[in-house]
Amino acid sequence: MDQQINQPEPTAVSEPVSRRAVLRAATVSAAAVGAAGMFAGPAAAAPAAQSHGRRRVPVDRISIQLYTLRDQLAADLPGTLDALRRIGYRRVEHAGFVGRTAAQFRAALDEAGLRATSGHTGIPQPFDAATWEQALADANVVGCKKIVHPYFGRDASGQAIRDPNVYRALARDLNKAGRMAERAGLDFGYHNHQLEFVPLTDGSTGFDILTGQTDPRLVHFELDLYWTWRGAHDPVDVIRANRGRIRQVHVKDLDVEGGFADLGDGLIDFGRIFAHEREAGIEEYIVERDDAGTPPRSPADALDTARVGFDYLASLRY
């Protein structure tokens, strides 16, 4: 049953994010996040969004991954999209078309005044050019500029992949997918989780292989800041090692238990990371929270996550 969503049209940030107390990363134990010392040093204390820096996240580059609102979108697609527009979003990243065709989904976005500038679509495994060609066509119908492979890293038994040859094969497929995307007028990216940072049998990691064996002209990276920390890697170090290739970031916060949090409620010092935005090549800042609308929260609670996320990024100075 559709749920009525009424959100006021904001004239600026809807309320100061400083109302949300920001936890100190020094309170995190190594057991809570699975990696000793991962928040030590400059990232040890996450500041409130309101700070004294002069730089800011451009509001027109703030997006939201619609997976955050998947249940609410299924209940009321037009109302949810309209609520996002009222919060302040102008762009979104889709994760499928909510049971619609690409054309129908585009029409719903147009009606709400939103653009899907990016979308998550997995490349076929094994790689199939015809299937990928159709995915690229759909992305163009929706109006995307970027298309991103969303997930990899587990074997058939559900365990983390440890064989470097599997990642080498994926890198070859990513290059194929990126070349086809380029011909279709799209930028192709790869979105990480923590699994890419698991040590492989040769001592490398999947992330090492993917960054080292994909063509920078064909494959960029959408760095998920939460999952990067969960993989015991500092996003700043990842940026420094991959200058110009981190064109998108998933801005997702980490709570004291290692779970998800709304932006500003958790431990990650986003300003410290965004200070390297030019070095990274960041073009989009994408709000996400994987459990935003799942029990014990209700689907409609994901809209609060969306609002807090937009306000946090719009208020952040670094």
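Residues numbered from 1 in each chain as written. Predicted model: local features only at pLDDT ≥ 70, side-chain atom pairs only at ≥ 80, totals over all residues. Heavy atoms only, no water.

**A short note on the pattern of salt bridges**
Logical step 1: Applying the stated criterion across every chain, the model contains 16 salt bridges.
Logical step 2: A salt bridge links Arg-91 to Glu-284; its shortest N-O distance comes to 2.7 Å. Highlighted residues: Arg-91 in strand S2 (residues 91-94) and Glu-284 in strand S10 (residues 284-287), separated in sequence by 193 residues. For the pair Arg-91 and Glu-284, one class covers both residues: buried.
Logical step 3: Taking the shortest distance from any N to any O, the salt bridge between Glu-283 and Lys-146 comes out at 2.6 Å. Remark: Lys-146 occurs in strand S4 (residues 146-149) and Glu-283 occurs in the loop between helix H11 (277-280) and S10; sequence separation between them is 137 residues.
Logical step 4: Each member of the salt-bridge network shares a partner with another, and the members are Asp-224, Lys-252, Glu-288 and Asp-290. (Salt bridge = Lys/Arg side-chain N within 4 Å of Asp/Glu carboxyl O. Helix = DSSP H or I, 4+ residues; strand = E, 2+ residues; numbered from the N terminus. Buried < 20%, exposed > 50% of the residue type's maximum accessible area, 1.4 Å probe, protein only.)

**Points about the pairing of S2**
Logical step 1: Here S2 shows two buried faces, one formed by Arg-91 and Glu-93 and the other by Val-92 and His-94.
Logical step 2: In terms of handedness, the path from S2 via helix H4 (residues 102-112) over to strand S3 (residues 115-120) forms a crossover that is right-handed. (Right-handed = clockwise from strand over helix to strand, strands pointing away.)

**Looking at the pairing of strand S7 (residues 246-251)**
Note on strand geometry: in a regular strand, side chains alternate between the two faces of the sheet.
Logical step 1: Burial analysis of S7 places six of its six residues in the buried class, the great majority of the element.
Logical step 2: Here S7 runs beside S10; their pairing, made up of four bridges, is parallel. Looking at the pairing, Val-249 lines up with Tyr-285 of S10. (Pairing = 2+ DSSP bridges.)

**Looking at unusual backbone geometry**
Logical step 1: Cis geometry is adopted by the peptide bond preceding Pro-126, which originates at Gln-125 and carries an omega value of 0 degrees.
Logical step 2: Residue placement: Pro-126 occurs in the loop between S3 and helix H5 (129-142).
Logical step 3: The amide bond that connects Pro-295 to the next residue, Pro-296, takes the cis arrangement and shows omega of 10 degrees.
Logical step 4: You can see Pro-296 is positioned in the loop between S10 and helix H12 (301-315).
Logical step 5: Of note, Ala-232 is a non-glycine position whose phi angle comes to about 65 degrees, a positive value.

**Digging into the packing of helix H6 (residues 164-183) against helix H7 (residues 206-213)**
Logical step 1: Two elements in contact, H6 and H7, have axes separated by 9 Å at closest approach and are oriented at 35 degrees. For H6 against H7, the interelement crossing comes out right-handed. Residues Pro-164, Tyr-167, Arg-168, Leu-170, Ala-171, Leu-174 and Asn-175 of H6 form the contact with H7, whose participating residues are Gly-206, Ile-209, Leu-210 and Gln-213.
Logical step 2: For the contact of H6 with H7, the residue count by class is seven nonpolar, three polar and one charged. (Axes fitted to C-alpha atoms, helices over the stretch in contact; angles between N-to-C directions. Left-handed = near helix turned anticlockwise from the far one by under 90°. Contact = heavy atoms within 4.5 Å. Nonpolar A, V, L, I, M, F, W, Y, C, P; charged D, E, K, R; others polar.)

**A short note on the side chain of Arg-91**
Logical step 1: Relative accessible area serves as the criterion here: at 13%, Arg-91 is assigned to the buried category.
Logical step 2: Looking at Arg-91, its side chain comes within polar contact range of the main-chain oxygen of Asp-60, at 3.0 Å.
Logical step 3: Here Arg-91 is in contact with Asp-60, Arg-61, Ile-62, Ser-63, Ile-64, Leu-114, Arg-115, Thr-117, Glu-283 and Glu-284, once residues within four sequence places are set aside. (Polar contact = N/O pair within 3.5 Å; in protein donor to acceptor, adjacent residues only side chain to side chain.)

These figures capture arrangement, not role.
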